[in-house]
Each structure stands twice: as structure tokens, then as C-alpha cells.
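Close look at the chain arrangement
What follows is the residue order along each chain.
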Amino acid sequence: MTLLLLGMAASLAGCGQTLPGGIKVPDLGASLPRDLADNDPSVTKISSDATVPILLASNKPETTFTVNGTSLNPSKVLKVLVPPTRLHITAQAPCYRTLTQTAEAEGFGRASLFKFDFGNWDRVPGARGANCA
């Protein structure tokens, strides 16, 4: 019940606002690279026919995303151009199992967000070390 009330309050308050009790609603819009132009050279094109900008995000730093077999530089958030075809996306964070999402061409569009959340249940058994975030 508490989560429902917090969720309703957060939607009414808007992102970046402070709720009663000092709870801060994060403003994700400010941290996502939506403002990069599609033709910006820093936006990776997955293939020569890639024309649709999408966002890839993870809750872990240094996540390696792969889109249709093309591996990208490790990052927490990326904007990439993909072809308007079926997508197979994987995300691999140090010390965690690989997470996968697929999307049909009709199921995504410009600025679609593919979010990967790694939880404790995704941790590789026995994984330890400085790279485990």
C-alpha cells in the first residue's frame, strides 16, 4: 500500500521533485542522452541501415550492451541507431548474468527506452571483487 501511495505521489509531483518526508524523485530525463542529434558522430550506428534512435540503460555501471550481435562500449546509458527490424539486445554487467530483451520492428520507435535492471538474484554465484558494483 505504501508503494502505491508513493507511486501515485511521484506521478503527481513529477520527476525531480521532492515529496513529503524528503523523498526525492529522480529526474531521469536529465541523465539520458536524448539531446544528441541522430547524426551526431558519438551516436553509434548498429548497421548501415540503422535509422531509429533508441536508448539503452542499466542500473549498473560498465554494462556492455550488444544489439543484433554488435557489441558496444561499456556504459550505463547509451543512445544508438538501430535498423527498423527485429532487435535482440543483451546487457552484461560485471559479476552478473547476461540479461536479454527482444523487440519486433512494430514494438519500438524513436527514443524507445530499453532498461536493464540487475538484481541480487542475477548475481553470478561466488562473484566478488572490485568490479562487482
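These numbers were taken from a predicted model, which means no experiment stands behind them.

Some points on the packing of aromatic side chains
- One pass over the structure, following the stated rule, counts three aromatic pairs.
- Centre to centre, the rings of tyrosine 96 and phenylalanine 118 are 5.5 Å apart; their planes meet at 55°, and the pair counts as tilted. Of this pair, tyrosine 96 sits in the loop between strand S6 (87-92) and strand S7 (99-103) while phenylalanine 118 sits in the segment after strand S8 (112-116), and the two are 22 residues apart along the sequence. You'll find tyrosine 96 and phenylalanine 118 in the same group, each marked buried.
- Seen from their ring centres, phenylalanine 108 and phenylalanine 114 are 6.3 Å apart, and the 65° between their planes marks the pair as edge-to-face.
- Classification of phenylalanine 108 by relative accessible area gives buried; the value is 10%.

Comments concerning the pattern of salt bridges
- Enumeration over the complete set of coordinates arrives at three salt bridges.
- In this structure, glutamate 104 engages arginine 86 in a salt bridge whose closest nitrogen and oxygen atoms are separated by 2.7 Å. Of this pair, glutamate 104 sits in the loop between S7 and S8 while arginine 86 is found in the loop between strand S5 (77-82) and S6, placing the two residues 18 residues apart along the sequence.
- We classify glutamate 104 as partly exposed; its relative accessible area is 40%.
- Its relative accessible area of 45% is what places arginine 86 among the partly exposed residues.
- The partner of arginine 97 in a salt bridge is aspartate 122, and the shortest N-O contact between them spans 2.8 Å. Of this pair, arginine 97 sits in the loop between S6 and S7 while aspartate 122 sits in the segment after S8; the two residues are 25 residues apart in sequence, bridging distant segments of the chain.

Looking at the sheet that holds S6
- As summarised here, the arrangement of the four strands in space is S4-S3-S6-S7, forming an open sheet in which the pairing is antiparallel. Every other strand in the sheet has two partners, leaving strand S4 (70-71) and S7 as the edge strands with one partner each.
- Relative to S7, S6 runs antiparallel, the two being bridged by five bridges. Looking across to S7, one finds that alanine 91 is bridged to leucine 99.

Here's the deal with the confidence of the model for the protein
- Scored by pLDDT, the protein has a mean of 81; 69% of the residues are at 70 or more.
- Overall, residues 1-13 carries pLDDT values under 50, and its contacts beyond four positions in sequence, including any with other chains, amount to six contacts.
- For the stretch residues 28-32, pLDDT sits under 50, and the model shows three contacts to residues farther than four places along the chain or on other chains.

What to know about the nonpolar core
- By size, the foremost hydrophobic cluster in this structure holds 23 residues, and its most contacted members are Ile54, Leu56, Val82 and Phe114.
- For this core, the secondary-structure elements that each account for two or more residues are strand S2 (52-58), strand S3 (64-67), S5, S6, S7 and S8.
- Not counting residues up to four positions away in its chain, the partners in contact with isoleucine 54 are Leu78, Lys79, Val80, Val82, Leu87, Ile89, Phe108, Gly109, Ser112 and Phe114.

About the cut-offs
- Residues numbered from 1 in each chain as written.
- Predicted model: local features only at pLDDT ≥ 70, side-chain atom pairs only at ≥ 80, totals over all residues.
- Heavy atoms only, no water.
- Phe/Tyr/Trp six-rings, centres within 6.5 Å; stacked < 30°, edge-to-face > 60°.
- Helix = DSSP H or I, 4+ residues; strand = E, 2+ residues; numbered from the N terminus.
- Buried < 20%, exposed > 50% of the residue type's maximum accessible area, 1.4 Å probe, protein only.
- Salt bridge = Lys/Arg side-chain N within 4 Å of Asp/Glu carboxyl O.
- Pairing = 2+ DSSP bridges.
- pLDDT = per-residue confidence, 0-100.
- Contact = heavy atoms within 4.5 Å.
- Core = buried A, V, L, I, M, F, W, Y, C linked by side-chain atoms within 4.5 Å.

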